[in-house]
Amino acid sequence: MNKICIILLFIALNLLVTNTPAKANNDNSNQQKPPSGMEIITVGDGQQLILPKGTKMRKIGAQLIIEDNAEYVSERIWDLEKRIKRLESANEELKKQIQELKNPAP
């Protein structure tokens, strides 16, 4: 019984004496680099969010509304489809110009 009391007393003293609170290190987070394809956005009082590049945010009153994954992906796919269509039409124009240059002049 005496040994158990000494062990509990040792644990309690250890918890009281070693006061090492866990706190966020804001200085280090400013130097942090986001993963590829992501960006760090600072909101409010220095709170940082790591979001995919191009994520849309809007503020309604005090609320910050961030576009969810489904909206982000669907918008990116839509933009890529429009870009592919523009590239295909530019490619067709270049093919026509090449054919015109290959034909001998009359």
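A short tour of the structure in this document, coming up. Computed from a prediction, not measured in an experiment: that's the story for all the values here.

This paragraph deals with the overall build of the chain. Helix and strand counts for the chain come out as three helices and four strands. Reading the secondary structure of the chain in the N-to-C direction produces α-α-β-β-β-β-α. The 106 residues of the chain split such that 7% are buried. A separation threshold of at least 6 residues defines the contact pool for the chain, and within that pool the share at least 24 residues apart is 0%. With the model as given, the accessible surface of the chain reaches about 10,000 Å², and the carbon-plus-sulfur share is 58%.

Positionally, T55 belongs in the loop between β2 (47–52) and β3 (57–60). Among the polar contacts listed, one links the side chain of T55 to the backbone oxygen of P52, at a separation of 2.7 Å. Those residues in contact with T55, other than ones at most four positions away along the chain, are E39, I66, E67 and Y72.

Turning our eyes to something else, we now look at the pattern of salt bridges. Charged atoms that come close allow side chains of opposite charge to pair. On inspection of all chains with the given rule, the structure shows two salt bridges. A salt bridge links K56 to E75; the nearest nitrogen and oxygen atoms lie 3.1 Å apart. With K56 in the loop between β2 and β3 and E75 in helix α3 (residues 69–102), the pair connects residues that are 19 residues apart, well separated along the chain. Exposure remark for K56: the relative accessible area of 48% places this residue in the partly exposed category. With a shortest N-O distance of 3.8 Å, D79 and K82 are connected by a salt bridge.

Strand direction decides the pairing type here: β3 and strand β4 (residues 63–66), joined by four bridges, are antiparallel. Looking at β4, one finds that I60 is bridged to Q63. The turn linking β3 back onto β4 is made up of two residues, and G61 within it adopts a positive phi angle of 65°.

What counts and what doesn't
- Residue positions within a chain follow its written sequence, with the count starting from 1.
- Thresholds applied to this predicted model are a pLDDT of at least 70 for local features of residues and 80 or more for the giving and counting of side-chain atom pairs; totals over whole chains, interfaces and linings are not thresholded and use all residues.
- Remark: hydrogens and water are excluded; side-chain values derive from all non-hydrogen atoms of the structure.
- Per the convention used, a helix needs a DSSP run of H or I reaching at least four residues, while a strand needs a run of E reaching at least two, with both numbered from the N terminus.
- The rule is simple: take the accessible area with a 1.4 Å probe, protein chains only, and divide by the maximum for that residue type; under 20% is buried, over 50% is exposed, in between is partly exposed.
- In this description, contact between two residues means that some pair of their heavy atoms is separated by no more than 4.5 Å.
- Accessible surface area values rest on a Shrake-Rupley calculation with a 1.4 Å probe, where residue burial reflects the displayed protein chains alone.
- What qualifies as a polar contact is a pair of N or O atoms within 3.5 Å, subject to a donor-acceptor requirement within protein and to the restriction that residues adjacent in sequence count only when both atoms come from side chains.
- Salt bridges are defined by distance alone: a side-chain nitrogen of Lys or Arg within 4 Å of a carboxyl oxygen of Asp or Glu.
- Any two strands with at least two DSSP bridges between them are considered paired.

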